[in-house]
Amino acid sequence: MIYGFIKGTASLIAGLGVTIRAFFQPVVTSQYPRELLTISPRFRGHTRLLVDPENPEKNKCTACGICVKSCPSGSIKKVEGEKKEGEKKKTATEYLLDFTTCSQCGICVEVCPFDALDFSHAYNSAGYKREDFHYDLVKELMRNRVQ
Ligand code: SF4
Ligand code: SF4
């Protein structure tokens, strides 16, 4: 009886010790989604097009189609572009990515001769149907620029 009481009390004190120690440690949880997390630069969300630094109104993709041919999953469904008068290269006007089949392998990012692609940091994409993950990366770029 007494042995049980001593053992229980020791266990209680040990447990309280853990609680008190944790109380004074820095907070590591965050109030998601009100507080958004800082994402590692190496994190791979879906691919995204990059802005042309010489002309912030344009993206860097010339619609050459190399990434379309290189994608092992066939996830890049369509890339269309147009060449405006006086310009040397096309600029993508449509870039359709089916993110439901993309393995985020990075081949499209590596093969692009114009460094027009990288990975977004979109870690909290959610949807109710597969079509919610069919992205037009040109539209995504415009939308993110406005936000
Ligand atoms: S990351 Fe890989 S699977 Fe995804 S679109 Fe690019 S090449 Fe295709
Ligand atoms: S992202 Fe790069 S490889 Fe793909 S179509 Fe555009 S310029 Fe070509």
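First, a word on what this report is: a plain description of the structure on this page. (Residues numbered from 1 in each chain as written. Chains lettered and ligands numbered in written order. Predicted model: local features only at pLDDT ≥ 70, side-chain atom pairs only at ≥ 80, totals over all residues.)

## Thoughts on the overall build of the protein chain
Stage number 1. Along the protein chain, the regular secondary structure elements total 4 helices and 7 strands.
Stage number 2. Against the 2.2 N^0.38 benchmark of 15 Å for 147 residues, the protein chain shows a C-alpha radius of gyration of 25 Å, more extended than a compact globule.
Stage number 3. Each principal axis of the C-alpha distribution contributes one length, and for the protein chain these read about 90 × 30 × 30 Å.
Stage number 4. Out of the 147 residues in the protein chain, the part that is buried amounts to 17%.
Stage number 5. If you take every contact in the protein chain between residues at least 6 apart in sequence, the share linking residues at least 24 apart comes to 67%. (Helix = DSSP H or I, 4+ residues; strand = E, 2+ residues; numbered from the N terminus. Rg over C-alpha atoms; globule rule 2.2 N^0.38 Å. Buried ≥ 20, exposed ≤ 12 C-beta atoms within 10 Å, placed from the backbone. Contact = placed C-beta atoms within 7 Å.)

## Here's the deal with the environment of Thr47
Stage number 1. Residue position: Thr47 is located in strand 1 (residues 47–49).
Stage number 2. By C-beta crowding, Thr47 is classed as buried, having 26 other C-beta atoms within 10 Å.
Stage number 3. Separated by 26 residues in the primary sequence, Thr47 and Arg21 have C-alpha atoms spaced 43 Å apart.
Stage number 4. When sequence neighbours within four positions are dropped, the list of residues in contact with Thr47 reads Leu97, Cys108, Val109, Leu117, Phe119 and Leu137.

## Observations regarding the nonpolar core
Stage number 1. One finds Leu49, Ala92, Tyr95 and Leu137 to be the most contacted residues of the largest nonpolar core, which totals 18 residues.
Stage number 2. Breaking this core down by element, the ones donating at least two residues are strand 4 (76–82), strand 5 (91–98) and helix 4 (137–146).
Stage number 3. Look past the residues within four positions of Ala92 in its chain and what remains in contact with it is Leu49, Asn59, Cys61, Ala63, Val79, Glu80, Gly81 and Val138. (Core = buried A, V, L, I, M, F, W, Y, C linked by C-beta atoms within 7 Å.)

## A short note on the pairing of strand 5
Stage number 1. Note that strand 4 and strand 5 share 6 bridges and pair antiparallel. If you follow Glu80 over to strand 5, its bridge partner there is Glu94.
Stage number 2. Sheet topology places strand 5 next to strand 7 (residues 134–136); 3 bridges connect them, and they run antiparallel. Note that in strand 7 the partner of Asp98 across the bridge is His134. (Pairing = 2+ DSSP bridges.)

## Focus on the environment of Gly8
Stage number 1. By the element assignment, Gly8 lies in helix 1 (residues 2–23).
Stage number 2. When the C-alpha positions of Gly8 and Arg21 are compared, they lie 20 Å apart, and in sequence the two are 13 residues distant.

## Some words on the sheet that holds strand 5
Stage number 1. What the 3 strands build is an open sheet, ordered 4-5-7; its pairing is antiparallel. Both outer strands of the open sheet, strand 4 and strand 7, are each paired with one neighbouring strand and no more. Across the sheet, the mean angle from the axis of one strand to that of its neighbour is 10 degrees, orientation sign disregarded. (Axes fitted to C-alpha atoms, helices over the stretch in contact; angles between N-to-C directions.)

## Points about the pairing of strand 3 (residues 55–59)
Stage number 1. Examined bridge by bridge, strand 2 (residues 51–52) and strand 3 share 2 bridges and lie antiparallel to one another. If you follow Val51 over to strand 3, its bridge partner there is Asn59.
Stage number 2. The hairpin formed by strand 2 and strand 3 contains 2 residues between the paired strands.

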